[in-house]
Amino acid sequence: MERVIATYHIGVHDVDVLESLDDDDAWYHLVVDGLSRDTVLSAPPDLDEAAELILLPARGE
C-alpha cells in the first residue's frame, strides 16, 4: 500500500512524501513535480531534509 503522508512546496517545486507499506515494513520516497525520485528513505524527511534531497546534486557528480 502507498499513501502521501506530507506535501511540501519548495521553491517552485511540489514535493510529496510517499509512504510504502509491505507487511510490517515501511519505506519512504519523494515525488517531485509528479516525477518519482529513486531515493529510498527509512524515515520520512521533514521540510529541510526534503529540500536538501531535491536541491543538491547527487553525490559523485
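Keep in mind that what you see is a predicted model, and the values were worked out from it rather than measured.

Three or more residues of helix α1 (residues 47-55) are buried, namely A50, A51 and I54. Along α1, the residues classed as buried sweep out an arc of 100° about the axis, all on the same side. What points out from α1, more than 90 degrees from its buried face, is the exposed set D48 and E52. The opening residue of α1, the one whose side-chain oxygen lies 3.2 Å from the backbone nitrogen of D48, is D46.

Here the focus is unusual backbone geometry. If you check the backbone angles, D23 has positive phi at about 55° while not being a glycine. As for its position among the elements, D23 is in the loop between β2 (13-22) and β3 (25-32). Its identity as a non-glycine residue notwithstanding, D33 has a phi of 50°, on the positive side. Its location among the elements puts D33 in the loop between β3 and β4 (35-36).

Okay, the environment of E19 next. By the element assignment, E19 lies in strand β2. Residues E19 and A6 lie 13 residues apart in sequence; the distance between their C-alpha atoms is 9.2 Å. Each residue touching E19, except ones within four places of it in the same chain, is listed here: M1, E2, R3, I5, A26, W27 and Y28. Engagement of the side chain of E19 in a polar contact is seen with the side chain of R3, the distance being 2.6 Å. Of the polar contacts made by the side chain of E19, one reaches the side chain of Y28; its length is 3.0 Å.

In this section: the pairing of β3. Judged from the eight bridges that link them, β2 and β3 form a sheet pairing that is antiparallel. Bridge assignment links L21 to a residue of β3, and that residue is A26. Between the antiparallel neighbours β2 and β3 lie two residues, among them D23 with a positive phi of about 55°. Inspection of the sheet shows β3 paired to β4 by two bridges, in the antiparallel sense. Paired with V31 across the bridge in β4 is S36. As consecutive antiparallel partners, β3 and β4 are separated by two residues, and within that stretch D33 has a phi angle of approximately 50°, a positive value.

The rules behind the values
- Residues numbered from 1 in each chain as written.
- Predicted model: local features only at pLDDT ≥ 70, side-chain atom pairs only at ≥ 80, totals over all residues.
- Heavy atoms only, no water.
- Buried < 20%, exposed > 50% of the residue type's maximum accessible area, 1.4 Å probe, protein only.
- Helix = DSSP H or I, 4+ residues; strand = E, 2+ residues; numbered from the N terminus.
- Arc of directions from axis to C-beta.
- Polar contact = N/O pair within 3.5 Å; in protein donor to acceptor, adjacent residues only side chain to side chain.
- Contact = heavy atoms within 4.5 Å.
- Pairing = 2+ DSSP bridges.

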